[in-house]
Amino acid sequence: MLLLLLASLALGAETTSSDVARKAQLSPADVEWVRRPNGQDINQYYPLAAAERELQGRAVIDCTVTETGTLSGCRVVEEFPTGVGFGDAALKMSARYELALTTRRGAPVAGNGLRLPLRFSLPGRWDQLSAMYACYGVTAVAAENDPADALAGRAFGFFAAQAGMLVARGKGTPMAFEAGLQEGRVNASGATSGTSSGPTLKACLAIANANLK
C-alpha cells in the first residue's frame with residue numbers, strides 16, 4: 001500500500017539571475033496560443049529509448065517569451081522519469097510554441113517567463129506523475145465544491161503528497177511541483193465534466209480510498 005507522506009521537497013525556493021531579469025512569470029492558463037505542438041510533433045520528438053521500452057513521462061521547461069511570441073532560453077526544471085530523454089524532447093518541442101503578444105487580460109507577454117508542462121504518453125495511457133497531478137486537481141475541485149465530502153478532502157492531500165514524492169525522486173524543484181499542481185487544477189473542470197481523457201473523479205476517489213484506509 002502506498003504510504004501517505006508529506007511531500008519531501010526540502011528545497012528552498014530557487015531564484016536565478018534569469019528569473020530576476022524577467023518582468024514576471026506567466027501562467028499557461030493566462031496566455032493565448034497561436035501555435036502549440038500537435039500529435040505529429042509529439043510522435044516526432046518522442047524519445048526513442050522511451051518508446052522502445054513503452055515508457056511514458058513528462059517534463060517541465062522554463063522559458064522566456066520573446067518579442068515575437070516565441071520561446072527562448074528554455075531549460076528543463078523537471079523530468080520524470082529521468083535518463084530516457086523526455087527533457088531533451090521537451091526542449092526540442094519548445095520551438096513549436098508561439099504565443100499571442102498579449103495575455104487574456106491584455107498585458108504584453110514579451111520578456112516574461114513561462115513554465116510549460118509537457119506530457120509524453122502512449123495512446124490510452126497516462127504516466128504516473130501526470131496521473132497524480134490530474135487526480136489532485138479533480139479531488140481538490142470536488143472538495144471545494146462539497147466541503148462535506150470527507151473522502152475528497154483527504155484525497156487531494158494524498159495525491160499532492162504522492163506527486164511530491166515522485167518530483168523529489170526525479171530531482172524536480174518546488175516551483176515545478178507547484179506548476180504541476182496548478183496544471184491539475186486548471187484541467188480539473190474538463191475532467192470532472194467528462195470532457196477530459198484523464199482520470200475521472202470516481203476513479204481517483206477509489207484509488208485514494210483504497211490507500212487511505
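Above this text you will find the structure in question.
Now for a quick tour of the structure. (Residues numbered from 1 in each chain as written. Predicted model: local features only at pLDDT ≥ 70, side-chain atom pairs only at ≥ 80, totals over all residues. Heavy atoms only, no water.)

## Some words on helix α8 (residues 201-211)
Along α8, the residues classified as buried are C204, L205, A208 and N211. One side of α8 holds all its buried residues, which, seen down the axis, span an arc of 135 degrees. Residues of α8 that are buried sit in contact with α5 (128-145) and α6 (150-169). (Buried < 20%, exposed > 50% of the residue type's maximum accessible area, 1.4 Å probe, protein only. Helix = DSSP H or I, 4+ residues; strand = E, 2+ residues; numbered from the N terminus. Arc of directions from axis to C-beta. Contact = heavy atoms within 4.5 Å.)

## Side note on the state of the cysteines
Across all of its chains, the model carries two disulfides by this definition. Note that C135 is cross-linked by a disulfide to C204, the S-S spacing being 2.0 Å. Judged by the torsion about the S-S bond (-75 degrees), the C135/C204 disulfide is left-handed. Linking C135 in helix α5 with C204 in helix α8, this pair joins segments that are 69 residues apart in sequence. With respect to burial, C135 and C204 carry one shared label: buried. Each disulfide in the protein links cysteines that, numbered along the sequence, combine into the pattern 1-2, 3-4. (Disulfide = S-S within 2.5 Å.)

## Describing the environment of E54
Mapped onto the secondary structure, E54 falls in the loop between α3 (48-52) and β3 (57-65). For the pair E54 and S121, spaced 67 residues apart in sequence, the C-alpha separation works out to 9.1 Å.

## Description of the sheet that holds strand β1 (residues 25-26)
Through backbone hydrogen bonds, the strands of a sheet pair up, either in parallel or in antiparallel fashion. One open sheet accounts for four strands, arranged β1-β6-β3-β4; its pairing is mixed. The two strands at the open ends of the sheet, each matched to only one other strand, are β1 and β4 (71-80). For β1 and strand β6 (residues 113-120), the ladder comprises two bridges, and the chain directions are parallel. Across the sheet, residue Q25 finds its bridge partner in β6, namely G113. (Pairing = 2+ DSSP bridges.)

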